[in-house]
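A look at the structure
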Amino acid sequence: HLMSEKKNSYTSTLEHLSKDQRQPLKAPGSLLPSMHLEKARQEFTYWFGQAEQSFAFFQVALPQKYYREAALWLHQTIESYYTALLLVCTDYRLEANDLEELEALATQFDPALKTVFPTRMEKEVHHFALLKRACREAPSAEAEIIPPEALYALSQRVLLLRVFTQKHCQEEIQRLTEATSRAL
């Protein structure tokens with residue numbers, strides 16, 4: 001049952017990405033389980049590490065009042081966590097840095113991911129919109145500076161994304177490990 005859900009999620013993601021027209025996608029199962037496992041481990045190590053590094057830079061920039069830089073590092077952190085999840089689970093990397101598009105793809109693996117950056121309250125929507133706009137307009141001098149309290153609130157949500165990403169990637173790597181063991 002879990003395997004069919006994963007396959008349906010994978011197929012659904014491929015269909016969404018195919019509509020994107022950015023690049024042709026590989027069909028599911030194009031890698032042997034052992035190759036997919038090794039690649040998933042490598043991608044997780046790299047992209048999760050990138051996210052951790054970006055968040056560390058964010059944590060340095062924020063107290064120094066480098067708010068534009070902090071916003072850029074926070075955006076990079078979010079993008080890297082979502083990229084880790086997509087690469088481990090689908091072997092696909094979205095070349096765009098559109099956080100909403102990355103979130104839409106990631107929520108196909110777990111709808112609870114939609115709660116990471118909630119959209120129920122106007123303030124939450126505004127914070128997320130500020131972050132996206134700051135990254136689009138950077139490094140323009142006219143770029144709006146995100147208030148530190150908004151950056152802090154967003155960073156708390158990023159910590160939740162970290163937990164989701166780590167959990168789902170480790171579960172997928174475990175599933176691949178078991179599939180590889182059965183194939184031997």
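Placed above this text is the structure.
A few points on the structure. (Residues numbered from 1 in each chain as written. Predicted model: local features only at pLDDT ≥ 70, side-chain atom pairs only at ≥ 80, totals over all residues. Heavy atoms only, no water.)

1. Some remarks on the pattern of salt bridges
Once their charged atoms are close, side chains differing in charge can pair, the charge on each being opposite to the other. Under the defined criterion, the tally for this structure stands at five salt bridges. Across the salt bridge formed by Asp-91 and Lys-39, the nearest N and O atoms sit 2.6 Å from each other. Of this pair, Asp-91 sits in the loop between α3 (67–90) and α4 (99–106) while Lys-39 sits in helix α2 (residues 33–61), and the two are 52 residues apart along the sequence. For Glu-103, the salt bridge goes to Lys-114, with nearest N and O atoms at 3.6 Å. Of the two residues, Glu-103 is situated in helix α4 and Lys-114 in the loop between α4 and α5 (122–137); the sequence distance between them amounts to 11 residues. By relative accessible area, which is 7% here, Glu-103 ends up buried. (Salt bridge = Lys/Arg side-chain N within 4 Å of Asp/Glu carboxyl O. Helix = DSSP H or I, 4+ residues; strand = E, 2+ residues; numbered from the N terminus. Buried < 20%, exposed > 50% of the residue type's maximum accessible area, 1.4 Å probe, protein only.)

2. A look at the packing of aromatic side chains
Considering all chains together, one arrives at five aromatic pairs under this definition. Plain terms: the ring middles of Phe-48 and Tyr-81 are 5.3 Å apart, the flat faces sit at 55° to each other, and that makes the pair tilted. Separated by 33 residues along the polypeptide, Phe-48 in helix α2 and Tyr-81 in helix α3 bring together distant segments of the chain. Residue Phe-48 shares its accessibility class with Tyr-81, and that shared class is buried. In textbook terms, an aromatic cluster arises when at least three aromatic residues are bridged by ring pairs, as seen for Phe-44, Phe-48 and Tyr-81. (Phe/Tyr/Trp six-rings, centres within 6.5 Å; stacked < 30°, edge-to-face > 60°.)

3. Looking at unusual backbone geometry
Positive phi outside glycine occurs at Lys-65, with the angle close to 65°. Within the secondary structure layout, Lys-65 lies in the loop between α2 and α3. Positive phi is not limited to glycine here, since Asp-91 has a value of about 60°. Owing to a relative accessible area of 12%, Asp-91 belongs among the buried residues under this scheme.

4. With respect to the side chain of Thr-165
Within the secondary structure layout, Thr-165 lies in helix α6 (residues 148–183). Aside from chain neighbours lying at most four places away, what touches Thr-165 is Phe-48, Tyr-81, Ala-84 and Leu-85. (Contact = heavy atoms within 4.5 Å.)

5. A few points about the packing of α2 against α6
Running from amino to carboxyl end, α2 crosses α6 at an angle of 165°, the nearest separation of the two axes being 10 Å. The pairing of α2 with α6 is recorded here as roughly antiparallel in orientation. Note that α2 runs across α6; the crossing there is left-handed. In contact with Pro-33, Ser-34, His-36, Leu-37, Ala-40, Arg-41, Phe-44, Phe-48, Glu-52, Phe-55 and Phe-58 of α2, α6 contributes Leu-151, Ser-155, Val-158, Leu-159, Arg-162, Thr-165, Gln-166, Cys-169, Ile-173, Leu-176, Thr-177 and Thr-180. Of the residues belonging to the contact of α2 with α6, the class tally is 13 nonpolar, seven polar and three charged. (Axes fitted to C-alpha atoms, helices over the stretch in contact; angles between N-to-C directions. Parallel < 35°, antiparallel > 145°, perpendicular 65-115°, else oblique. Left-handed = near helix turned anticlockwise from the far one by under 90°. Nonpolar A, V, L, I, M, F, W, Y, C, P; charged D, E, K, R; others polar.)

6. Considerations on the nonpolar core
Core analysis: the largest hydrophobic core is formed by 45 residues, its most contacted members being Leu-74, Ile-78, Phe-117, Leu-131, Ile-146, Leu-151 and Leu-161. Of all the secondary-structure elements, those providing two or more residues to this core are α2, α3, α4, α5 and α6. No other element matches the 11 residues that α3 contributes to this core. Here Ile-78 is in contact with Leu-99, Phe-117, Leu-131, Val-158 and Leu-161, once residues within four sequence places are set aside. (Core = buried A, V, L, I, M, F, W, Y, C linked by side-chain atoms within 4.5 Å.)

7. Comments concerning the environment of Glu-69
Along the chain, Glu-69 turns up in helix α3. Its relative accessible area of 42% is what places Glu-69 among the partly exposed residues. Separated by 11 residues in sequence, Glu-69 and Phe-58 place their C-alpha atoms 7.4 Å apart.

8. Some words on the environment of Ile-173
Summarising the element assignment, Ile-173 is placed in helix α6. Between the alpha carbons of Ile-173 and Lys-39 there is a distance of 9.8 Å; along the sequence they are 134 residues apart. Beyond its immediate chain neighbours, meaning those up to four positions away, Ile-173 contacts Leu-37, Ala-40, Arg-41, Phe-44 and Val-88.

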